[in-house]
Amino acid sequence: MTATAPPGAFSLDGVTYRYPDRPDPVLRRVDWAVAEGAFVVVAGPSGSGKSTLLRCLNGLVPHFSGGRFGGRVAVGGDDTRTRATHDLGHRVGFVFQDPEAQLVTGRVEDEIAFGLEQRGVPAPTMRQRVEEMLDLLGIAPLRDRDPATLSGGERQRVAVAAALAVQPAILVLDEPTSQLDPWGAEDVLAALTRLNEDLGLTVVLAEHRLERVVAHADRLRVLSADAPALDGFPRAIMAEMHVDALPPLAALGRRLGWNPLPLTINEGRAVVRADPRVLPPPPTDPSPPGGAPTVVLRRVTAGYGRRPVLRALELEARPGELVALMGRNGSGKTTLLRAVMGFHRPDGGRISVLGRDTARLHPADLARDIGYLPQQPGTLLFAQTLREELAFTLKHHGGKGRDPEEVLRQLGLGRAADRNPRDLSGGERERAALAAVLVGAPRVLLLDEPTRGMDYARKRELGALLDALRRAGATILMATHDVELVAQIATRVVLLGNGGVVADGGPRAILSGSLTFSPQVNKLYGGGYLTLADVVGETATA
Amino acid sequence: MSDARSSLDPRAWLLWGMAASLVPLLGRNPFALTATLLAVVAVRAAWVPAAAGVVSGAGLVRLAMLFAAVGVVFNALTVHVGDRELARLPDRWPIVGGALTLNAVAYGVLSGVALVILVLVGTTLSVVLDLASLLRLVPARLAPVAVAGSVAVAFAPQTATALREIREAQAARGHRPRGARDLVPLLVPLLTGGLERAVTTAEALEARGFGATLGAGPAARWRWRGPVAAFGLAATVSGVFAAITGQATAGLLAIGGGVGLVGVAARDRRGRAAFRRTRYREAQWSKRDTALALASVATALALLRVRATDPGAVAWEPYPALTVPQTSLPLLAGLLLLLAPVLLAPPAGSDR
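Reading the values: the criteria
- Residues numbered from 1 in each chain as written.
- Chains lettered and ligands numbered in written order.
- Predicted model: local features only at pLDDT ≥ 70, side-chain atom pairs only at ≥ 80, totals over all residues.
- Heavy atoms only, no water.
- UniProt positions renumbered as here; feature names shortened; annotations may be inferred.
- Helix = DSSP H or I, 4+ residues; strand = E, 2+ residues; numbered from the N terminus.
- Buried < 20%, exposed > 50% of the residue type's maximum accessible area, 1.4 Å probe, protein only.
- Areas by Shrake-Rupley, 256 points an atom, 1.4 Å probe, with all protein chains shown as cover.
- Pairing = 2+ DSSP bridges.
- Phe/Tyr/Trp six-rings, centres within 6.5 Å; stacked < 30°, edge-to-face > 60°.
- Contact = heavy atoms within 4.5 Å.
- Buried area = accessible area lost by both parts, 1.4 Å probe.
- Salt bridge = Lys/Arg side-chain N within 4 Å of Asp/Glu carboxyl O.
- Nonpolar A, V, L, I, M, F, W, Y, C, P; charged D, E, K, R; others polar.
- Lys, Arg positive; Asp, Glu negative; His and termini not counted.
- Polar contact = N/O pair within 3.5 Å; in protein donor to acceptor, adjacent residues only side chain to side chain.
- Axes fitted to C-alpha atoms, helices over the stretch in contact; angles between N-to-C directions.
- Parallel < 35°, antiparallel > 145°, perpendicular 65-115°, else oblique.
- Left-handed = near helix turned anticlockwise from the far one by under 90°.
- Patch = residues over 30% accessible without salt bridge, like charges linked within 9 Å, V, L, I, M, F, W, Y side chains within 5 Å.
- Expected span 1.5 Å × (residues − 1).
- pLDDT = per-residue confidence, 0-100.

An unreviewed UniProt entry lists chain B under the name Energy-coupling factor transporter transmembrane protein EcfT, with uncultured Thermomicrobiales bacterium given as the organism. Within the UniProt record for chain B, the comment given under Subcellular location (unreviewed entry) is "Membrane".

Let's shift gears to the overall build of chain A. Broken down by element type, chain A carries 21 helices and 20 strands. Going through the 542 residues of chain A one by one, you find that 59% of them count as buried. Counting every atom, chain A has about 20500 Å² of accessible surface; 49% of that belongs to carbon and sulfur.

Take the pairing of strand S1 (residues 10-18) of chain A next. Residues and elements named next belong to chain A. Counted residue by residue, S1 has 7 buried out of 9 residues, so it is predominantly covered. Two strands pair when backbone bridges link them, and S1 and strand S2 (residues 27-34) are joined in this way by 5 bridges, in the antiparallel orientation. The partner of Ser11 across the bridge, within S2, is Ala33. Both S1 and strand S4 (residues 68-75) contribute to a ladder of 7 bridges, which runs antiparallel. Considered in S4, the bridge of Thr16 is made with Gly70.

Under the definition given, this model contains 10 aromatic pairs over all chains. Plain terms: the ring middles of A:Phe382 and A:Phe392 are 4.7 Å apart, the flat faces sit at 80° to each other, and that makes the pair edge-to-face. Here A:Phe382 is found in the loop between strand S16 (370-373) and helix H14 (386-396), whereas its partner A:Phe392 is found in helix H14, with 10 residues between them in sequence. The class of A:Phe382 is buried, set by a relative accessible area of 9%. A residue is classified by how much of its surface remains accessible, and A:Phe392, at 11% relative accessible area, is buried. Each ring, one from B:Trp13 and one from B:Trp47, has its centre 5.2 Å from the other, and the planes form 90°; the classification is edge-to-face. In this pair, B:Trp13 sits in helix H1 (residues 10-26) while B:Trp47 sits in helix H2 (residues 30-47), placing the two residues 34 residues apart along the sequence. With relative accessibility at 0%, the residue B:Trp13 sits in the buried group. Ring-pair connections join several aromatic residues into one group, and the members of that group are A:Tyr17, A:Tyr19 and A:Phe69.

Contacts between chain A and chain B engage 68 residues on the former and 53 residues on the latter. For the pair chain A and chain B, the summed buried area comes to about 5200 Å², and 54% of that belongs to carbon and sulfur atoms. Along the contact surface separating chain A from chain B lie 5 salt bridges. Looking at the side of chain A that touches chain B, the elements that each hand over two or more residues are strand S6 (92-95), helix H3 (99-102), helix H4 (108-118), helix H5 (123-136), helix H13 (363-366), S16, H14 and helix H16 (426-438) of chain A. Broken down by element, the side of chain A that touches chain B gets its largest block of residues, 9 residues, from H4(A). Grouping the amino acids of the side of chain A that touches chain B by side-chain chemistry returns 31 nonpolar, 18 polar and 19 charged.

Turning to the side chain of A:Glu484, a few remarks are in order. All names here are of chain A. Within the secondary structure layout, Glu484 lies in helix H18 (residues 483-489). Salt bridges are absent for the buried Glu484, whose nearest opposite-charge side chain, Lys523, sits at 6.7 Å. For Glu484, the side chain forms a polar contact with the main-chain nitrogen of Gln520, separated by 2.9 Å. The residues contacting Glu484, other than those within four sequence positions of it, are Glu211, Pro248, Pro519 and Gln520.

For the structure on display, the rule yields 37 salt bridges over all chains. Of the charged contacts, one joins A:Arg72 and A:Asp13 as a salt bridge, the two residues approaching to 4.0 Å between their closest N and O atoms. Linking A:Arg72 in strand S4 with A:Asp13 in strand S1, this pair joins segments that are 59 residues apart in sequence. By relative accessible area, A:Asp13 is classed as buried at 18%. When the shortest N-O distance is used, the salt bridge between B:Arg88 and B:Glu85 registers 3.4 Å. Judged by relative accessible area, which is 48%, B:Arg88 ranks as partly exposed.

Moving on: the sheet that holds S4(A). Strand order in this open sheet of 4 strands is S2-S1-S4-S5 (chain A), and the pairing throughout is antiparallel. Looking at strand neighbours, the two that pair on one side only are S2 and strand S5 (78-79) of chain A, the edges of this open sheet.

Let's shift gears to the UniProt feature "transmembrane region" (unreviewed entry) in chain B. Residue and element names in this part refer to chain B. Per the UniProt annotation, the sites labelled "transmembrane region" (unreviewed entry) are residues 61-81, 93-122, 142-163, 228-244, 250-269, 290-308 and 328-346. Along residues 290-308, the helical share is 100% and the strand share 0%, with 27 Å between the first and last C-alpha atoms. Structurally, residues 328-346 is divided into 68% helix and 0% strand, and its ends, taken at the C-alpha atoms, are 32 Å apart.

Let's shift gears to the packing of helix H11 (residues 287-309) of chain B against helix H12 (residues 329-336) of chain B. Residue and element names in this part refer to chain B. For the pair H11 and H12, the least separation of the axes is 8 Å and the interaxial angle reads 160°. Relative to H12, the element H11 is oriented roughly antiparallel. When the axes of H11 and H12 are compared, the crossing they make is left-handed. Listed contacts from H12 to Thr299, Ala302, Leu303 and Val306 of H11 are Pro330, Leu331, Gly334 and Leu335.

All names here are of chain B. On the surface, Leu63, Leu66, Phe67, Val70 and Leu115 cluster together into a nonpolar patch covering about 450 Å² of accessible area. Looking at which element gives the most residues to the nonpolar patch, the answer is helix H3 (residues 58-78), with 4 residues. Tracing the sequence through the fold places Phe67 in helix H3.

Before going further, it helps to examine the sheet that holds strand S12 (residues 307-317) of chain A. Residues and elements named next belong to chain A. Strand order in the open sheet made by the 4 strands is S12-S11-S14-S15, with antiparallel pairing throughout. Of all the strands in the sheet, the pair left with one neighbour each is S12 and strand S15 (356-357). Seen against the sheet, helix H12 (residues 333-340) touches strand S11 (295-304), S12 and strand S14 (348-353) and runs at an angle of roughly 120° to S11.

Turning next to the packing of H2(B) against helix H4 (residues 102-128) of chain B. All names here are of chain B. Where H2 meets H4, the axes come as close as 10 Å, and the angle between the chain directions of the two elements is 25°. On the basis of their axis angle, the class for H2 and H4 is roughly parallel. Note on packing geometry: the crossing formed by H2 with H4 is left-handed. Where H2 abuts H4, its residues Pro30, Leu33, Thr36, Leu37, Val40, Val41, Val43, Arg44 and Trp47 lie against Leu110, Val113, Ala114, Val116, Ile117, Leu120, Val121, Thr123, Thr124 and Val128.

Bringing H11(B) into the picture now. The first and last C-alpha atoms of H11(B) sit 32 Å apart over 23 residues, in line with the 33 Å expected at 1.5 Å per residue. Looking only at H11(B), the buried set comprises B:Asp289, B:Leu292, B:Ala293, B:Ala295, B:Ser296, B:Thr299, B:Ala300, B:Ala302, B:Leu303, B:Leu304 and B:Val306.

Residue and element names in this part refer to chain B. Residues at a pLDDT of 70 or more form 78% of chain B, whose mean pLDDT is 80. pLDDT under 50 marks residues 50-55. Its contacts with residues more than four places away, or in other chains, come to 7 contacts. A low-confidence stretch, residues 270-274 (pLDDT under 50), is modelled with 12 contacts involving residues beyond four sequence positions or located in other chains.

This next bit is on the environment of A:Ser352. Residue and element names in this part refer to chain A. By secondary structure assignment, the location of Ser352 is in strand S14. Residue classification places Ser352 among the buried positions, given a relative accessible area of 8%. In contact with Ser352, other than residues within four places in its own chain, are Thr294, Val295, Val296, Asp357 and Thr358.

This part is about the confidence of the model for chain A. Residue and element names in this part refer to chain A. The pLDDT averaged across chain A works out to 88; a share of 97% of its residues lies at or above 70. Of the regions scoring below 50 in pLDDT, residues 1-6 engages in 14 contacts with residues more than four places distant in sequence or in other chains. Segment residues 538-542: pLDDT under 50, and 10 contacts once partners within four positions in sequence are set aside and those in other chains are kept.

Residue and element names in this part refer to chain A. With omega at 5°, the peptide bond leading from Asn259 into Pro260 counts as cis. For Pro260, the position within the fold is in the loop between helix H10 (248-256) and helix H11 (265-274). Backbone geometry at Gln167 places phi at a positive 50°, although glycine is not the residue there. The topology assignment puts Gln167 in the loop between helix H6 (152-165) and strand S7 (170-174). Assessed through its relative accessible area of 48%, Gln167 is described here as partly exposed. In this structure, Asn498 is a non-glycine residue whose phi angle is positive, near 50°. Position of Asn498 among the secondary structure elements: in the loop between strand S19 (492-497) and strand S20 (500-505). Judged by its relative accessible area of 65%, Asn498 falls in the exposed class.

Okay, here's the thing in structure tokens:
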């Protein structure tokens, strides 16, 4: 099919693309046309070509990436083969996955004005646009801050504001909410929806967490590495997708045969009200495990300069517990994990792990018992092959640990053992870093946003693995914004806020009824229902 | 974050920095060096906030003091000239053998002080100068160069952060670097990560319209603009050199002429029209900036004048005989003007 599109939108006609160092094309004869003012979500597993497809829209592919490109991409009448990316900047705004690498000035205001300066926009108009963007994204208090000092979520909003400031006809975003807490993600998505509805901005957004974005979309395109893409109205496409690739609400609808499939919680509630099924009582939270605590924080105070992040924080974790640390961006989750690992020296208080005071030990010594997965998994990897990475960890654990092949297999990396870790996709690299940590068989595991960039299938596998480790007696502290994952595998949830513990308890006690941290199933049924299994696994018909 | 960036114009600060650097660059007179050191320390105390988290360059200053101390010892051990012998090492000892003189120690100390002054000036400027404002001073046609410089500067702290993250990540795997071979786990992710970040930054710049062609093109430019600017720049540099080497009048004339030519080239409207990149902020020159600029220029002129008429007041040689250094009241009065930023500093606790 030859795709055509109204002016202002874009179209791809028979686009095929192969990266210079890859044997197979990432995109094969892609035909795609998007109308002006559409809100499109692009989904699909890691490595299916979402980022590549998005980069075609502003000419980064092939102008910047090289490789072999065939077919045609037309944006607002311009052929991207004949227009440089910087000359398409006023038509296509682009927000990258990593906000840190795309911010280039030392002040938030200047960052927003950067694109306007490049376009020669007069200063009074620039000032007006900058003010509008600051208000729109809710970042006015940050206007004089250096972007390097902002949290990940704040930086992402600055990046979105900078892209929007030039008033592009199309805004392309590559996983813009992956680093955001639920509030931050909702703010960004609400802003995008407003721009889409009020100004007719065409939004194209790649995202793994469909539960966050699909309600805002009027079109969904699902890519696959080995099958033709699905493309159409979200409801129709989600009715065709594999149930394992769906967010909980849609998956529940598919499992229970709801037709039409609900996309929003409101739609879901309407179906539930009319549903005659009687649910069994929800499961209860597990009893806290016994035994001596392995991780103990006593009145821990820590911060950066004069800015305190943790204030007299008290926390204990025991073997067999998977503690989810939740809270808004900047609430101290990462600082807490770094303090436990000995990387961030507290200003006050005491931290002990397995009975040892962490202040008296080098992190390399603590590493014999603690596994730590940082937010940037690439920092862990340096060897020529994945197998060598795991051997490196084992060497520093005196050869004691788990079977590397088994760890790789569990993480779906069995075939990648001889590949260079730096050649892996983002999601694969995250799992490779986790493998490099898990092979040491740590008794305490610290994970900082481990599901970032992971598709549903990989997330499920990771959840199963962490659950197995917990059952085997490991203590796991996991900082995350991923409410659905927490609902499935956490045995305890600790909400951080204002430098301390705001709430601490079982997942059903903490997540149920929470305005921002309740999973989709709980929003639907309330009570103690958190997961699909709570409802589907034991549903009885009246 | 407390913003330590200055409310004074970066051009005025640059003039102050140049004036404050002249004494340690031109001579080793102890009185002039001490007066300059005290002035710079006072300015630093007034402008560089003590707040933690502000990159004040204190580590660099400590490093400079260490180098200065090492320099004193090195000078004393390797320079065996002078009339005030303190001790003597056996002549058969290579390099260090011979007389240890008070002259060498004095020269080493003064060189150390000069080094510390230069580092203090540099670190003070690095805190008070707003880099973005500084880059906006670059002519519009050189904007791509300025942005590239800005990105490079922004890259430095990112690289430092990446290095910390990598060291932590490796330590978390039980790795503790002990030798050169252990640098591999550190350097490989640093280089590959840096490269990836550089590529992403370049992509982001491209996607945000950096380098977009908006202007009328080179044909509309004044054809002599470049040569005139280059000649003016050469004349300015030559003038500075002439002034420093004692030909004050000729030097000042050359500087004046050179700056004038650069100004003529910069104001060419046809050249301006060729690139329509606009600026979000325009530098605002205030009376305080004028005061600082005038004080700095007066300091420099006083120094150059005294150096031309009374060289010993700026330059002092402890070799071959240790003599009492000269002093010059006009010079010390001129150096007092280096304290101008102290008087122009905003009240303590206000936002700078």
